[in-house]
2 protein chains.
Amino acid sequence: MRFLFAILICLCACTAKAQDHPNLVLTGKGVQSMQASLGKVPLFDQTLAAVRAQVDAEMASGIAVPVPKDLAGGYTHERHKQNFFMMQKAGVLFQITGEEKYAMYIRDMLLTYSDLYPTLGKHPAERSYARGKMFWQCLNDANWLVYTSQAYDCIYDWLDEKMVKKLNTELFRPYAEYISVENPQFFNRIHNHSTWGNAAVGMIGLVMGDEELVNWALYGLDKQVPGDIVKDNDGGSIQLKGQKEAGFLAQLDHAFSPDGYYTEGPYYQRYAMYPFLIFAQGLANKKPELEILKYRDGLLIKAVDALINQTNAAGEFFPINDAQKGMSLGSRELVNAVSMAYFYGGNDPQLLSIIAGQGRVPLNDSGLAAAKAIAENKAEPYQYKSIELTDGAKGDEGAIGILRSGVLTLMMKYAKHGMGHGHFDRLGFLLYNGADEVIQDYGSARWVNIEHKDGGGYLKENTSWAKQTIAHNTLVIDKDSHFDGKVRDADETSGTPYYFSSGDDMQVVSAKELNAYEGIQMQRTMALLEIEALENPLVLDLFSVQAPEGTRYDLPLYYMGELMSSNQEFQMKNNLSPMGKESGYQHLWLEGESSIQGNAFRMTWFNQKNFYTVTSASREGDQALLTRIGANDPHFNLRRDAGLILRRTDGNTVFASLYEAHGRYSYSDEIPVNSFSSVSEVSIMHESADYVVLSFELKDGSYYLFAMSQNDAREGSRHSLQLASQKLEWTGSVYFSKRTKE
Amino acid sequence: MRFLFAILICLCACTAKAQDHPNLVLTGKGVQSMQASLGKVPLFDQTLAAVRAQVDAEMASGIAVPVPKDLAGGYTHERHKQNFFMMQKAGVLFQITGEEKYAMYIRDMLLTYSDLYPTLGKHPAERSYARGKMFWQCLNDANWLVYTSQAYDCIYDWLDEKMVKKLNTELFRPYAEYISVENPQFFNRIHNHSTWGNAAVGMIGLVMGDEELVNWALYGLDKQVPGDIVKDNDGGSIQLKGQKEAGFLAQLDHAFSPDGYYTEGPYYQRYAMYPFLIFAQGLANKKPELEILKYRDGLLIKAVDALINQTNAAGEFFPINDAQKGMSLGSRELVNAVSMAYFYGGNDPQLLSIIAGQGRVPLNDSGLAAAKAIAENKAEPYQYKSIELTDGAKGDEGAIGILRSGVLTLMMKYAKHGMGHGHFDRLGFLLYNGADEVIQDYGSARWVNIEHKDGGGYLKENTSWAKQTIAHNTLVIDKDSHFDGKVRDADETSGTPYYFSSGDDMQVVSAKELNAYEGIQMQRTMALLEIEALENPLVLDLFSVQAPEGTRYDLPLYYMGELMSSNQEFQMKNNLSPMGKESGYQHLWLEGESSIQGNAFRMTWFNQKNFYTVTSASREGDQALLTRIGANDPHFNLRRDAGLILRRTDGNTVFASLYEAHGRYSYSDEIPVNSFSSVSEVSIMHESADYVVLSFELKDGSYYLFAMSQNDAREGSRHSLQLASQKLEWTGSVYFSKRTKE
């Protein structure tokens, strides 16, 4: 019924051509306002000048619309991609400057596309579960339409009616149908691919006044996905278990948690934010009655804030799940997103400092407003928060915990798996000192769009190494990855948040993982402890596990930098062999090993300009292994990064470590400062399923106790433990205090 | 006679105490001028504020003068080092601000030293050929005196006569004697160690009016070096062959070439520049009749210019010979040197941009003048030159050639060995793209002053790896280093400059090495070629060698970054073994190898943000080896850097390669540009002892010939060669032109 109604509307709308464009991302009123501001708002003017220079240079080199042939990174792929970026920018330039050459450029290019498109079958590359026509996958076809529909909106009223009709019927409607009704396995998912598809079809629908397309976009297709396509190229399921809905609103319902966290992680959230927000902006303009920006308590604006909080001091996203390192708040998607969040989200002056750092603004109402406010010196520093971002549509399927203090940022992950782009990394963590990685997450094994590397797509080492548990800073049991490396099983559960606090002297994140290994319970508690004698907070790490006797534990630590020294003697290998045959071990060389002597393992390394030390409580039989990534890597797809593995065979046990960031050294003054650890002793005073108590002593003689109630996190609960020669009593989940040593 | 006269002067001078201090680095007039400028010259004021904050903080923590015990990096070493830095700064602060607390701080510290010093024997660490008392080596004792004499000069007139006498007789004169007459093997060399020793003794002599010390400093000791000490800790000879002179003037005569190049290379030149210049400044003030800054045609000022030219775009010195990477124009030594060069060397406005980049100035006349000129906007960009810097006291013992064009900087080394700090790297090269290393020199295996790493001194891998030929981008023959790794033999000869030109379209450096391997002649010609179709100059590399049949050649290339692709299939190793037992091969893992198919080897890599490709002409039997540094490295002293080795067994032969810097990629926009090589073919058209002709073709179809006359570099010589189907005729050493392909 909804369907029929939409078709009727369309029949009317598609024939009329009212003078109401642009009205998708730009509006007539907004354009007037931008024109009136020219020469008065530096950041806006700079962006405009840069965009004009770029488009003029492209226009000078002529129009090229080659027959599609290549994968990502190849000529035809990159050419069509460049074309849609340029058309979108040219459209904006036409509106702001009124110079017709920009409109003519778009028109001529679109006519060329309308000649080519009807001649195309599926793209010749057969790699995708949803092959496109212009590109190797529908996803990129959708990218094209999201940008091109904006260009089309900008020249719609300028074109004559005949040409509009031709483009609508010969190019855009068939294009939209191909990536929707002809490829429901692409369009009807809950996935970033479909977000692009929904936005593309919806946006061109808004431009053409084609309500059928808009309805498909908003509510999904009333159409079954073909039964023979059940997985995408990344191994993700086409249909989520129990999925009943599809379309843009369903994406909003399912893809984000109430905190704005996106289950695939920040790298893909960044990617998906563009279609989410740009379509939302079109809907806000054309269908204000939807109140899309208020949907789910202003979810889209919250999501931008969540993204900003998932970055290091250089604005680079945490590279969890499939993610190329270095992607940052400076990306084109975030340039649009942060200004939108500023404009539609209450003019938060802290966002202005992020926008100023981006160095450019979107050429629309949001960008103008932000640039004006920056010119008026309204920007305030962004206050990064210690924050727990829940995962799952209802916020009850795990989370990530971010602790920040001084220069340190710690992130622990106990979220959902993240579908096809997820990594088997439950209870993994990463640590930054400002912009520098201290403990790294490997990221994905991929060189995005770089044709040299298998066409720029995911490399097979992404599965064989980057997704495996041993590639992460978390516990590997019996040399097998979490969930035995099965995405489907991992997708069914999430980590379990246990405790999160962000006080002044102590910040704590604690979570459990009960499903990754059958019959085994794991809990990790990490804390940033402010200790006056230390220049930076001390990072505490308690990994406790309940498992049968004889379990083999490997706890990797991917430290970044050069090993300075250790308190252990390592037996270095004179021949290197891979450490195993599967689960990622086949990619690790064993460089050296040590049977740990004494009751603590210590290692200091140096990175960029600072020293770092890990000190771990150890017991007889513990081993330390020094590893190097790169075995079984025939095409040099992996970085040769170092790692440390603490290995133990035991039943129930606790791994307890302290990480220090200390001192500095510059290559131009060559004076090392505070290059040694301040921790003289670390020791586990108590361990059981219910409690762990850790003591440590600093070189200045001060002595500290940290205690954790692992099965009762209630604020008012009272705990009491008999230690060797004293009774420890406390209230609430965590106890931490300076003490007199017994 | 000279000696006796000096003693007589001393007897008079030492008893009187005229009010004529400060007059070493500061002067009364200069101090007045600085005082008058306070608050008016931003860079000077900023430096003063920073120095004051630093000294105030140190003073607040009290005076510590521990009994010497540690090596570099250890507490007592670093404490005494910090003390002399602080005293020197406090002296300047006393003079400029007139605040007596700074004078009292110096006085109290000196009195503590004068109590301690007479009680000391040699430093307990026995590692040095010339053990100090305050530090493990006389070198550091000399450092202390160079700085402390400046502090002493600043408070000399403020102290009462009795105290001056006490310090002169109980501390400074014995101190100066210890590092001179008691350690002639340290003081009487031609070496950076002795430069420090000479300056230290001379400067305290100038302050105390002790002409005997000044004469020792200027002219050396009339004393034999003990016969049982013939080598220093780095394997350098204590006395150079035929060395007759010593002292500061002899250092100036022997250590520098007429171009201001220092035979140990820029890292040590930087280190030696401080005592050279600061003592020279004292001499200019106290003994203007010496005209020390005009000595050898203004050598000391030229040397600063030579140093500036030996840097990448970040101001970091080329890490040739023993050198820690990252040492730069920002170092304390250069902060003093560049301002001095500005002040005493004719107020070159280009130096001001370097000084502005340093962000601080020395607190003296030079620094004030430079800061004032910067405040008056007189700074001009420094024009880095393509330049050949000769080596050897007379400029006839080899050279280094530096070619610059656009973003590229290429340096080829065919200089003297560089004594104990030299590497076996004749005809080696390095290449930068701006500040990024493209082809790296490993530098030294040392973490300077970092105690974790064997006390911060040279590591044994410095000899077993970093100095060896295989660690450099130059030809290794029969797996043996140049000169069989013998410093003494290497020191006897130098490379032979053959041709150097820095035209607009083509810049060329060519040199021969006739001594490194007995009976073998090597010649390398490198060029930067401007080709319109390419975004950066093309780097050409012809390595020709005349040697017996059956010679095994290894030509390493230490590319920086991640391997993207190759036109060859590599057989990757599943077990890694060291590539040899000696000459540095014991530190290389062989990761993969390839028997090169076709007539060209190609490999593309990515670093930071750019792509690079090497294309090498190859012939049947050639091999390409992919290596990784790190074997036989029990303490992780070596970086795990990658390398490529081209291997060939032949007689007379030519290695011909082209290096391209092309394209770009950013992790935040993920759009690769120009990621593939533009070279489609490279081929050797002719090779003989006299000539090499190389042809290459680009993908746009353009075709080029490069020809080199290898035994006649005269400008007017005419050359004629019959190639396959054409006759090539040219005048002068080098021919390069675009041609029609035959």
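Because the structure is a prediction, the values reported are computed rather than measured.

Asker: Can you help me understand the overall build of chain A in this one?
Answerer: Scanning chain A from terminus to terminus reveals 18 helices and 25 strands. Burial statistics for chain A: of 742 residues in total, 65% are counted as buried. Counting only contacts in chain A whose residues sit at least 6 apart along the sequence, the fraction spanning at least 24 positions is 68%. Carbon and sulfur atoms form 49% of the exposed surface of chain A, whose accessible area is close to 25,600 Å². Of the charged side chains in chain A, 69 are positive and 90 negative, and the gap between their average positions amounts to 3 Å.

Asker: Teacher, can you tell me more about helix H9 (residues 192-208) of chain B here?
Answerer: Residue pairs three or four apart in sequence face the same way in an α-helix, which turns once every 3.6 residues. For H9(B), which comprises 17 residues, the first-to-last C-alpha distance of 24 Å matches the rise-based estimate of 24 Å (1.5 Å per residue) to within 8%. In terms of burial, H9(B) is largely enclosed, as 17 of its 17 residues are buried.

Asker: It is not clear to me how the relation of the copies chain B and chain A should be interpreted in this structure. Could you clarify?
Answerer: For the pair of chain copies, the relating operation is a rotation around an axis with a shift along it. Mapping chain B onto chain A calls for a screw motion: a turn of 180° about the axis and a shift of 0.0 Å along it, with 0.0 Å RMSD after fitting. Read as a symmetry element, the transformation amounts to a two-fold axis. By C-alpha distance to the rotation axis, the residue of chain B lying nearest is B:Leu576, at 2.4 Å. An overlap of 100% is found between the interface residues of chain B and their copies at the interface of chain A, pointing to a shared contact surface.

Asker: Sorry if this is basic, but what is going on with the interface of chain B and chain A here?
Answerer: Frequently, the measure chosen for interface size is the accessible area removed from exposure when the parts meet. Counting residues at the interface gives 55 residues for chain B and 55 residues for chain A. Carbon and sulfur atoms supply 56% of the area that chain B and chain A bury against each other, a total of about 4,700 Å² over both sides. The largest per-residue losses of area from chain B upon contact with chain A belong to B:His452, B:Phe636 and B:Glu670, which jointly make up 17% of the total buried on that side. A salt bridge links A:Glu591 to B:Arg640, with the nearest nitrogen and oxygen atoms 3.4 Å apart.

Asker: Just to check I follow, could you spell out the pattern of salt bridges for this structure?
Answerer: A side chain with one charge may pair with a side chain of the opposite charge, provided their charged atoms come close. All names here are of chain A. Per the stated rule, a full pass over the model turns up 82 salt bridges over all chains. The partner of Arg-189 in a salt bridge is Asp-232, with the nearest N and O atoms 2.9 Å apart. Here Arg-189 is found in the loop between helix H8 (184-187) and helix H9 (192-208), whereas its partner Asp-232 is found in the loop between helix H10 (211-219) and helix H11 (248-255), with 43 residues between them in sequence. For Arg-189, a relative accessible area of 1% corresponds to the buried category. Judged by relative accessible area, which is 7%, Asp-232 ranks as buried.

Asker: Would you take a moment to explain the domain arrangement of chain A for this structure?
Answerer: Residue and element names in this part refer to chain A. Under the domain assignment, chain A is made up of domain 1 (1-7 + 21-217), domain 2 (256-383) and domain 3 (423-739). Taking only C-alpha atoms into account, the centre of domain 1 sits 22 Å from that of domain 2. Buried area between domain 1 and domain 2, summed over both chains or domains, comes out near 2,900 Å², and the portion from carbon and sulfur atoms is 68%. It is Leu-43, Asn-192 and Leu-206 in domain 1 that bury the most area against domain 2; as a group they hold 21% of the surface buried on that side. Taken together, the connections running from domain 1 to domain 2 amount to one salt bridge. The shortest N-O distance in the salt bridge between Lys-287 and Glu-211 comes to 3.1 Å. For the interface between domain 1 and domain 2, the tally reads eleven residue pairs in polar contact (both at pLDDT 80 or more).

Asker: Is there a simple way to think about the sheet that holds strand E8 (residues 506-513) of chain B in this case?
Answerer: Across a sheet, paired strands are connected by hydrogen bonds in the backbone, their directions being either parallel or antiparallel. Residues and elements named next belong to chain B. In spatial order, the strands read E7-E8-E9-E10-E19-E16-E15-E12; together these eight strands make up an open sheet with antiparallel pairing. Every interior strand has two partners, whereas the edge strands, strand E7 (496-502) and strand E12 (562-566), have only one. Taken over all neighbouring pairs, the strand axes of this sheet differ in orientation by 15° on average, direction set aside. The sheet contact formed by E8 and strand E9 (residues 521-529) spans eight bridges and is antiparallel. Within E9, the residue paired with Ala-511 across the bridge is Arg-524.

Asker: Would you mind going over the nonpolar core with me for this structure?
Answerer: Nonpolar side chains tend toward joint burial in soluble globular proteins. Residue and element names in this part refer to chain A. Among the nonpolar cores identified, the biggest contains 137 residues, and Leu-110, Trp-144, Tyr-152 and Phe-172 are the most heavily contacted of them. By residue number, the principal contributor to this core is helix H12 (residues 266-286), which donates twelve residues. The contact partners of Tyr-152, leaving out residues within four places of it in the chain, are Leu-110, Leu-159, Val-164, Leu-167, Asn-168, Phe-172, Ile-204, Val-207 and Met-208.

Asker: How should I be thinking about the packing of helix H14 (residues 332-344) of chain A against helix H15 (residues 349-358) of chain A in this particular structure?
Answerer: Geometry of a packed helix pair, given as the angle between the helix axes and the separation of the axes. Residues and elements named next belong to chain A. Where H14 contacts H15, the two axes come as close as 10 Å, and the packing angle between them is 155°. On the basis of the axis angle, H14 is roughly antiparallel to H15. At the point where H14 passes H15, the crossing takes the left-handed sense. For the pair H14 and H15, contact is made by Leu-334, Val-335, Val-338, Ser-339, Ala-341 and Tyr-342 and by Leu-351, Leu-352, Ile-354, Ile-355 and Gln-358, respectively. A class-by-class count of the residues in the contact of H14 with H15 yields nine nonpolar, two polar and no charged.

Asker: Would you explain H11(A) in this entry?
Answerer: Residues and elements named next belong to chain A. With six of eight residues buried, H11 lies mostly within the body of the structure. When we look at burial in H11, the residues that qualify are Phe-248, Leu-249, Ala-250, Gln-251, Leu-252 and Ala-255. Each element contacted by the buried residues of H11 is listed here: H9, H10, H12 and helix H13 (295-309).

Criteria and thresholds
- Residues numbered from 1 in each chain as written.
- Chains lettered and ligands numbered in written order.
- Predicted model: local features only at pLDDT ≥ 70, side-chain atom pairs only at ≥ 80, totals over all residues.
- Heavy atoms only, no water.
- Helix = DSSP H or I, 4+ residues; strand = E, 2+ residues; numbered from the N terminus.
- Buried < 20%, exposed > 50% of the residue type's maximum accessible area, 1.4 Å probe, protein only.
- Contact = heavy atoms within 4.5 Å.
- Areas by Shrake-Rupley, 256 points an atom, 1.4 Å probe, with all protein chains shown as cover.
- Lys, Arg positive; Asp, Glu negative; His and termini not counted.
- Charge placed at Lys NZ, Arg CZ, Asp CG, Glu CD.
- Expected span 1.5 Å × (residues − 1).
- Least-squares fit on C-alpha atoms with pLDDT ≥ 70 in both.
- Buried area = accessible area lost by both parts, 1.4 Å probe.
- Salt bridge = Lys/Arg side-chain N within 4 Å of Asp/Glu carboxyl O.
- Domains from an automatic or database assignment.
- Polar contact = N/O pair within 3.5 Å; in protein donor to acceptor, adjacent residues only side chain to side chain.
- Pairing = 2+ DSSP bridges.
- Axes fitted to C-alpha atoms, helices over the stretch in contact; angles between N-to-C directions.
- Core = buried A, V, L, I, M, F, W, Y, C linked by side-chain atoms within 4.5 Å.
- Parallel < 35°, antiparallel > 145°, perpendicular 65-115°, else oblique.
- Left-handed = near helix turned anticlockwise from the far one by under 90°.
- Nonpolar A, V, L, I, M, F, W, Y, C, P; charged D, E, K, R; others polar.

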